[in-house]
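Structural characterization, general
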Amino acid sequence: MEVRVFPDAYGAALYTATLVETTIRQLSSPVLGLATGGTMIPVYQHLVQFHRRGLRFEHVTTINLDEYIGLEPTDRHSYHAFMREHFFDHVDLPLDCRYIPSGATCDLTAACQAYDEILRAHPIDLQLLGIGVNGHIGFNEPADHLKPHTHVVELTEDTIRQNARFFDAEERVPTRAITMGLQSILFAKRIVLLAVGASKAQAVREAIIGDIRTTVPASLLQLHPQVTFVLDEAAAQQLP
Ligand code: GLP
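Okay, so let's go over this structure. (Residues numbered from 1 in each chain as written. Predicted model: local features only at pLDDT ≥ 70, side-chain atom pairs only at ≥ 80, totals over all residues. Heavy atoms only, no water.)

Details of the packing of helix α1 (residues 9-26) against helix α2 (residues 41-52)
Convention followed: Note on definitions: angles span 0 to 180 degrees between N-to-C directions of axes, and those axes are lines fitted to C-alpha atoms, for helices only across the stretch in contact. Numbering of helices and strands runs from the N terminus, with a helix taken as a DSSP run of H or I at least four residues long and a strand as a DSSP run of E at least two residues long. We call two directions roughly parallel when the angle between them is under 35 degrees, roughly antiparallel when it is over 145, roughly perpendicular when it lies between 65 and 115, and oblique otherwise. Put simply, a crossing is left-handed when the front helix is turned counterclockwise from the back one by less than a right angle, and right-handed when it is turned clockwise. Note on contacts: a residue pair is in contact if any heavy atoms of the two residues lie within 4.5 Å.
With their axes 8 Å apart at the nearest point, α1 and α2 run at an angle of 50 degrees to one another. By the angle class used here, α1 and α2 are oblique. Between α1 and α2 lies a crossing whose hand is right-handed. Across from Y10, A13, L14, T16, A17, T18, V20 and E21 in α1, the residues of α2 making contact are P42, V43, H46, L47 and F50.

Listed below in structure tokens is the structure:
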């Protein structure tokens, strides 16, 4: 496992974006696993800037980690809308090469199976991850058991409270989500987890030097042969 610490969040996001850029330039048909959340916004801003300076996305496929259940893709709080606002609307990524789980369907089982088919057909070259303050990755919440494949999850109170800042009120945060599972995440050839800010310091510590356990889903990343934690000093403050 590689750990890179930058003086500030700007440097950490820029470095993360350059890792994505390198993958896009090196491979003829790269598949990116993408994440949402506030931490990722500056990464997408950098990628959009790179695009304006010539980086092309026309050969890229993207597969997002997760989506809230019950929000239409047009809902401004959905991760579909997040991705359009911060990334998709500003780059030349083909429309039919962007995948995000569907959280607005009445057949969630079929939606999960369909997403696993997509993942099987498009092995991920570079998986971007954020981390929840409780150590979740994607929406794989701390639990006694973790699921390998795409599944429906009940969000924890912690996560609902944390993500309420993106909604008008806490009561508006959906209580369920559809997320890629741990096996699918760990199947990516390379994983880059970006964490910034002191609120993530404990989760980062437990993920990197804690025991591997399902109550800290990010600790399972220790099992992956090519994972990089990209941190600012605040997120790294509890590391030895
Ligand atoms: C959500 C997403 C995660 C993300 C987390 C952290 O819960 N499902 O993929 O890592 O938020 O978000 P933030 O970067 O806003 O702290």
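Additional details are given in the paragraphs that follow.
Side note on the sheet that holds strand β1 (residues 2-6)
Where we set the bar: Strands are labelled as partners when DSSP assigns at least two bridges between them.
Reading across the sheet, the seven strands line up as β1-β10-β9-β6-β2-β3-β5 and stay open at both edges, with parallel pairing between neighbours. Each edge of the sheet is formed by a strand with only one pairing partner; in this case those strands are β1 and β5 (98-99). Bridge analysis of strand β2 (residues 31-34) against strand β3 (residues 61-64) gives four bridges, and the strand direction is parallel. If you follow L34 over to β3, its bridge partner there is N64.

A look at the environment of F82
Among the secondary structure elements, F82 is positioned in helix α3 (residues 79-86). Beyond its immediate sequence surroundings of up to four residues, F82 is in contact with A35, T36, G37, I41, Y44 and F87.

Brief notes about the sheet that holds strand β8 (residues 176-179)
Read across the open sheet, the three strands follow the order β4-β8-β7; overall the sheet is antiparallel. Every interior strand has two partners, whereas the edge strands, β4 (66-68) and β7 (151-154), have only one. Across the sheet, the axes of successive neighbouring strands diverge by a mean angle of 25 degrees, strand direction being ignored. Across three bridges, the pairing between β4 and β8 is antiparallel.

Description of the packing of aromatic side chains
As a reminder, the rule being used: When two rings of Phe, Tyr or Trp (its six-membered ring) have centres within 6.5 Å they constitute a pair, described as stacked for plane angles under 30 degrees, edge-to-face for angles over 60, and tilted for the intermediate range. For every residue, the accessible area obtained with a 1.4 Å probe (protein chains only) is divided by the maximum for its type, and the residue is called buried under 20%, exposed over 50%, and partly exposed between those limits. Either the NZ atom of lysine or the CZ atom of arginine qualifies as a charge over a ring when it sits within 6 Å of the ring centre and within 35 degrees of the ring normal.
Taken as a whole and assessed by the stated rule, the structure comprises ten aromatic pairs. Ring centres of Y68 and F139 lie 5.4 Å apart, and the angle between their planes is 50 degrees; this geometry places the pair in the tilted category. Here F139 lies in the loop between β6 (126-129) and β7 and Y68 lies in strand β4, a separation of 71 residues in the sequence. We classify F139 as buried; its relative accessible area is 1%. Three or more aromatic residues link up through ring pairs in this structure, and these residues are Y44, F57, Y68, Y79, F82, F87, F88, F139 and F167. Against the face of Y15 rests R4, its NZ or CZ located 4.6 Å from the ring centre.

Observations regarding the nonpolar core
Put simply, the rule is: Buried Ala, Val, Leu, Ile, Met, Phe, Trp, Tyr and Cys residues form a nonpolar core when they are joined through side-chain atoms within 4.5 Å.
Within the largest apolar cluster, 75 residues are counted, with the highest numbers of intra-cluster contacts made by L47, F57, F87, L221 and L231. In terms of residues, this core owes the most to one element, α1, which gives seven residues. Setting aside anything within four residues of it in sequence, one finds L221 in contact with M1, L129, I137, I185, L186, I191, L193, V227 and F229. Formed by five residues, the second largest nonpolar core is a distinct cluster that contains I69, L108, A111 and I178.

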